[in-house]
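Residue-level listing of the chains:
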Amino acid sequence: MFVAPLFALFYFLTAERALSERVNRAEVTMMANAQALGKPLWDFDVESVNKIAASIVSDNDILAVRVIDNSGGIDVQLPETVDVADAGEIRVLQTDIQYASIDGTKHVGFLKITIGAGGFLSLIHFRELAFMGIFAFAVVILSAAAIIANRITIIRPLLKLTEAISATRHLGSRHRVDWDSSDEMGVLAKNFNDMQTELEREEMQLRSAHALVQSVYNQTPAMLYSLDAAGDISAVSDYWILATGYQRHEVIGRPFQDFVAKKALSAYRRRAKPAIGAGATPGVTVSFLCANGETIDVLIRETAALSENGQFQSLSVMTDVTELKEAENRNHRQAITDHLTGLLNRQGFEITLDEKIAETDQKNEELACLFIDLDRFKWVNDNLGHAAGDAVLREVCKRITNQIRPTDTVARIGGDEFAILVPARDVKAAASNIAERIIDALEEPYVLENNVASLSGSVGIALYPAHAKNAAELLQKSDMAMYERKRNGKNGTQFFSDTLSDMARVRSELERDISDALENDWFEPWMQPIVSLKTGQVVGFEALMRLCHPMRGVLPPADIIVAAEENGTIHAIGDRIMEKAVEYIARIHKMPGFEKCRTGINISPLQITPDLPAKFSAYLMKHNVAPSSIVLEITEAVLMQENPEIFRVLDILRDSGMNLALDDFGTGYSSLSYLHRFPVNVVKIDKSFIRALTPESAILRDKSYLLLEGICTIAHQIDCDVVAEGIEDAAIADLLAKMGIDFVQGFHFAKPMSIGDVENIYGSEKQRHIAAN
């Protein structure tokens, strides 16, 4: 492709040069003979013209010659026919024939010469042919050498490389090229062999890694499997086969959901599907059917990937969580079951309550919640021990269970509290009937090892949907009804009503007032004077708690004390009143004539704790008040508890110099025995005895008079002062004076008043006498 154009170019240039030379020679011949033909044409010498024409045409380069005069008389053409087959390109040269006559140069005719380019050999000289032959020979030799060299240095190594590639592809092993040279093919062969070595090493590593992966896949103690895009099983591990009991051919190609228990199919179908690049799914727990027919609980987690051919497949793992599930269920049962009675606990009851309400709505029924609290159970724990208390609770559980229907649900809410759910069409009647039977059953004596305990039950009942709209409200309102039953004498049944709801609202407002009062220091001790019946003088005071609300004025103390004892704020209130009472005693002692008067401070049973003596000591030292100025007023209920810890605290307070007064005397069960067993300094007769002195019946009046006279005599015999409370008229005061009562207090003498009023009224000797008279 490179040499052929060179030869063509050489031939073209040579032919052009030869043709140009031929034309030039023909032109010279033509010009010379045109001059020679001038005279013969002028003379009409045809013979001479023919001779000259013949001499012209004898030239090998000239194919034909034609001589024509102007007159047309002479027209010589030699030869008459021209063979142009081998002439090649034809060219015709023409020139004018002129004659120089006496008259000047005359145009006498024309001379035309026809020449041909000729063939290849006619144009190329021998030397040129020799040169072209030598050049062609050199090209042939070089081409042959190149072909041979190419065969030896390129084709052979390429064939060997091709053979190595083909063998590698068909035989599967990495073949090398058997070629060693220092040229480019040698470098290529070396690089190819190095590549084969590296690929072989990488293949070995890949095979090793694949074998390891297969080993891990099959031997890992986890049930591994794969699913295709349709959810059919495409692969399972050996451990999956071992754990499930199936053969591999039994499961490959089958939908995985064929092995999921029917009860778990919906959960399996709702599971989060794996997506490529999204990581593992959160997992779903389903029941899996094994080959032997048994069911195991498995946790399934899936990831998604693309296979080698670009198809979707999931990589999944099943973990047997049967034991974990059983443990979870067991823990759940334990979490919702009371360990002592085996009943549902509060958590389990609340779960069941939600379920029962849903069932009630579906069946268009009603639901009653019975809230039961045992009366006097604390006495069993405190006096017979917690073991006896546990035995009583187990017996209560049996008795309650024996009185309910199979459709009812009973639970121990906590401590000595139980709850029962009763579904029915006429739920009020059913709940009343069950409650009455339970109350009767609870009243039966509880026979323990060496003791017999008597208990009762207070039952509160709320109805759904009549009283409550949800579970929490139903439980709350049955609890409110139970507490109302407690406040009304215990041992009975109380249905919830709107009145109870109003009471709860009032109670909530009261508790909020208590909280605000503690925060803003609204609690004050108001002082009520205690008067001597012998002298008519004020000899002391009783500090009574008051909540002085800035907007609502002074709130009733009785409700506040009950609420405070129930919600635990009684300690904070008591501490506040105690400290202020001691402070006010110090201020009273500064008034003329009141330097030695005593002041009574009421103590709630909940306040009698081991730290009470230390508190009182700190208050007394802070305000420089002698312990003998304090009279601690306790109720009979404190002594009835028979609590050694309480007795120990009271002994410490009495030994410190304080006086003890038994308040509301006569309202308990065994007042006289307490006077004998626990020496006190003051006996305060309850105002109920005072009111009994003025009935319409003379018989009742005489009985009350005899009781008061007896109490006064006994108290004086054990060296106790007697104080009568609730004196509202002078006749009663005179009557009590005749009995020998020492001191009195009541509205007839003075109402409770603030410390400011005390100082204004009794601040001077004159005012004190005026008040006394």
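Predicted, not measured: the structure shown is a model, and the values here were computed from it. (Residues numbered from 1 in each chain as written. Predicted model: local features only at pLDDT ≥ 70, side-chain atom pairs only at ≥ 80, totals over all residues. Heavy atoms only, no water.)

Asker: Tell me about the pairing of strand β16 (residues 492-495), and please be specific about residues and values.
Answerer: Bridging between strand β15 (residues 456-464) and β16 involves four bridges; their strand directions are parallel. In the strand pairing of β16, V459 is matched with T493. As a crossover connection, the stretch from β15 through helix α15 (residues 471-487) into β16 is left-handed. (Pairing = 2+ DSSP bridges. Helix = DSSP H or I, 4+ residues; strand = E, 2+ residues; numbered from the N terminus. Right-handed = clockwise from strand over helix to strand, strands pointing away.)

Asker: Account for the sheet that holds strand β10 (residues 366-375), with residues named and values stated.
Answerer: The sheet built from five strands is open, its strands ordered β11-β12-β10-β15-β16 with mixed pairing. For this open sheet the edge positions go to β11 (409-414) and β16, each flanked by a neighbour on one side alone. Averaged over all pairs of adjacent strands, the angle between strand axes in this sheet comes to 20°, irrespective of strand direction. Along the sheet, helix α13 (residues 386-403) makes contact with β10, β11 and β12 (417-424), crossing β12 at roughly 10°. (Axes fitted to C-alpha atoms, helices over the stretch in contact; angles between N-to-C directions. Contact = heavy atoms within 4.5 Å.)

Asker: Now, about the pattern of salt bridges: what can you tell me, with residues and values included?
Answerer: Enumeration according to the criterion identifies 30 salt bridges in this entry. Across the pair K486 and D375 runs a salt bridge, and its minimum N-O distance is 2.6 Å. In this pair, K486 is assigned in helix α15 and D375 in strand β10, connecting sequence segments 111 residues apart. Judged by relative accessible area, which is 0%, D375 ranks as buried. Taking the shortest distance from any N to any O, the salt bridge between R405 and D408 comes out at 2.8 Å. (Salt bridge = Lys/Arg side-chain N within 4 Å of Asp/Glu carboxyl O. Buried < 20%, exposed > 50% of the residue type's maximum accessible area, 1.4 Å probe, protein only.)

Asker: Go over the packing of helix α11 (residues 346-363) against α15, please, and point to the residues and values.
Answerer: One can describe the packing of α11 onto α15 by two numbers: an axis separation of 9 Å at closest approach and a directional angle of 120°. Taken together, α11 and α15 sit at an angle that is classed as oblique. Both α11 and α15 take part in a crossing whose hand is right-handed. Contacts from R346, F349, E350, L353, D354 and I357 in α11 reach A471, L474 and L475 in α15. (Parallel < 35°, antiparallel > 145°, perpendicular 65-115°, else oblique. Left-handed = near helix turned anticlockwise from the far one by under 90°.)

Function-wise, these values are silent; they only describe arrangement.
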